[in-house]
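Structural overview
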Amino acid sequence: MTARTIADADDYWDRYYSGEFIAGLGTETVLAALAEIPPVGTWIDLGAGSESLLWSIALQTRRLVAVDLDPRRLTLLRAFAATRRPRPAYQTALALRGRTAAEFAERCDRLAAVVVADCLTGRSLPLRPGSVDLVTQFGLLGLTTSPEQFLSGWHHAHQLLATGGWTAGANWTTTGPDTNRVHLSRQLYTAAFARSRITVHHLERIPITGDPDFNAVWIYLGRKP
Ligand SMILES: C[S@@+](CC[C@H](N)C(=O)[O-])C[C@H]1O[C@@H](n2cnc3c(N)ncnc32)[C@H](O)[C@@H]1O
């Protein structure tokens, strides 16, 4: 079991990136960090929800596989990709990264598959170990409820990574007292990187102000040597 996501599929879709871009959620900082990653082949986004295409704006990848436990979120993602048109918040993200609507349409076309699977157990993940050039998660590992579950989820996710492959992600920390989410710390991330033998390129906790439910985001980038 993990902690609950902040909103169900449709509420999440409406609340975060449907309208105008909300500054101060950490999105702009995550996009800037992702832009450090060189072009890659296969990208897998774990706990993708409906929003992989937001993060795709900063990336250059040939093929995206989006995986989530919730089929409704993946249906939203696939339908959105089929429109090939950015929503308002995405238009701001495109401007922030200096990309055009045509480049967004290309990214939509690169959504190769959406797969319903439990990303934290590693069972039925759709790609072979060592076959992926970029593994990402945005908000998935932050839903784990203990350091052990975080570390084992991280381990399963990064078994997919090819030699020379990249990992990147972000996890938000909540303000509420009634959370059973794992306590995120530099020590926890460092242990996760070390166990998977991944070199840390960027690891940072950024305070955020734009969301009453969250007060910071941990952002990381790493590479498997
Ligand atoms: C906070 S949301 C983030 C969604 C999206 N990555 C984003 O950037 O907006 C967390 C996502 O993790 C998914 N999730 C939760 N537990 C999961 C699991 N065990 N395996 C796969 N996905 C899971 C949820 O359905 C949800 O889409």
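Everything that follows concerns the structure shown earlier in this document.
Residues numbered from 1 in each chain as written. Predicted model: local features only at pLDDT ≥ 70, side-chain atom pairs only at ≥ 80, totals over all residues. Heavy atoms only, no water.

1. Comments concerning the sheet that holds strand β1 (residues 40-46)
- The seven strands are arranged β3-β2-β1-β4-β5-β7-β6 in an open sheet whose pairing can be described as mixed. Edge positions in the sheet fall to β3 (111-116) and β6 (199-207), since each has one partner strand and no second. Each strand axis lies, on average, 15° off the axis of its neighbour in the sheet, ignoring direction.
- As judged from the six bridges shared by β1 and strand β2 (residues 61-68), these two strands associate in the parallel manner. Bridge pairing in β2 places Trp43 opposite Leu64.
- Together, β2 and β3 form the strand contacts of helix α4 (residues 71-83), whose direction differs from that of β3 by roughly 165°. (Pairing = 2+ DSSP bridges. Helix = DSSP H or I, 4+ residues; strand = E, 2+ residues; numbered from the N terminus. Axes fitted to C-alpha atoms, helices over the stretch in contact; angles between N-to-C directions. Contact = heavy atoms within 4.5 Å.)

2. Concerning the environment of Gly142
- Within the secondary structure layout, Gly142 lies in the loop between β4 (132-138) and α7 (147-158).
- Excluding anything up to four places from it in sequence, Gly142 contacts Asn171, Arg181 and Val182.

3. Some words on the nonpolar core
- One finds Leu34, Ile37, Trp55 and Trp172 to be the most contacted residues of the largest nonpolar core, which totals 46 residues.
- With five residues, the single largest contributor to this core is α4.
- The residues contacting Trp55, other than those within four sequence positions of it, are Tyr17, Thr27, Val30, Leu31, Leu34, Trp43, Phe138 and Trp172.
- Residues Val115, Leu125, Ala157 and Tyr189 belong to the second largest nonpolar core, which totals 30 residues. (Core = buried A, V, L, I, M, F, W, Y, C linked by side-chain atoms within 4.5 Å. Buried < 20%, exposed > 50% of the residue type's maximum accessible area, 1.4 Å probe, protein only.)

4. Thoughts on the environment of Trp13
- Mapped onto the secondary structure, Trp13 falls in helix α1 (residues 9-15).
- Counting along the chain gives 16 residues from Trp13 to Thr29, while the straight-line C-alpha distance between them is 20 Å.
- Look past the residues within four positions of Trp13 in its chain and what remains in contact with it is Ser18, Ser50, Glu51, Leu76, Phe80 and Arg87.

5. Some thoughts on helix α5 (residues 88-96)
- Listed in full, the buried residues belonging to α5 are Ala89, Tyr90, Ala93 and Leu94. All buried residues of α5 fall inside an arc of 145° around its axis, so they share one side.
- Following α5 by one or two positions, Gly98 adopts a phi angle in the positive range, close to 65°. (Arc of directions from axis to C-beta.)

6. Description of empty space enclosed by the protein
- Applying the stated criterion across every chain, the model contains one cavity of 30 Å³ or more.
- Quantified by volume, the largest cavity comes out at close to 50 Å³.
- As for the largest cavity, its lining consists of Trp43, Ser56, Leu59, Thr61, Leu64, Arg107, Arg110 and Leu111.
- Its residues assigned to classes, the lining of the largest cavity comprises four nonpolar, two polar and two charged. (1 Å grid on protein atoms, 1.4 Å probe; cavity = no way out; pocket = protein on both sides within 12 Å on 5 of 7 lines; lining within 4 Å. Points joined across faces, edges and corners; volume = space filled by probe spheres on them. Nonpolar A, V, L, I, M, F, W, Y, C, P; charged D, E, K, R; others polar.)

7. Brief notes about the side chain of Thr136
- Mapping Thr136 onto the fold places it in strand β4.
- Within the structure, Thr136 has its side chain in polar contact with the side chain of Trp43 (distance 2.7 Å).
- Setting aside anything within four residues of it in sequence, one finds Thr136 in contact with Trp43, Ile44, Asp45, Leu46 and Ala168. (Polar contact = N/O pair within 3.5 Å; in protein donor to acceptor, adjacent residues only side chain to side chain.)

8. Section: unusual backbone geometry
- In this structure, Ser124 takes a positive phi of about 60° despite not being glycine.
- Note on placement: Ser124 falls in the loop between β3 and β4.
- In this structure, Arg197 is a non-glycine residue whose phi angle is positive, near 55°.
- Structurally, Arg197 can be placed in the loop between α8 (186-195) and β6.

9. Quick look at the site of the ligand
- Lining the immediate environment of the ligand, one finds 20 residues, of which Tyr12, Gly47, Asp68, Asp118 and Phe138 sit closest.
- Gly47 is positioned with one of its backbone polar atoms (N or O) 2.7 Å from a nitrogen atom of the ligand.
- Taking Asp68, its side chain carries an N or O atom lying 2.6 Å from an oxygen atom of the ligand.
- Computed on the free molecule, the ligand has an accessible area of 590 Å², of which 94% lies beneath the protein chains in the complex.
- When atom positions are compared with the pocket grids, the ligand is found to occupy the largest pocket. (Near = heavy atom within 4 Å. Areas by Shrake-Rupley, 256 points an atom, 1.4 Å probe, with all protein chains shown as cover. Sits in = over half its atoms within 2 Å of the grid points.)

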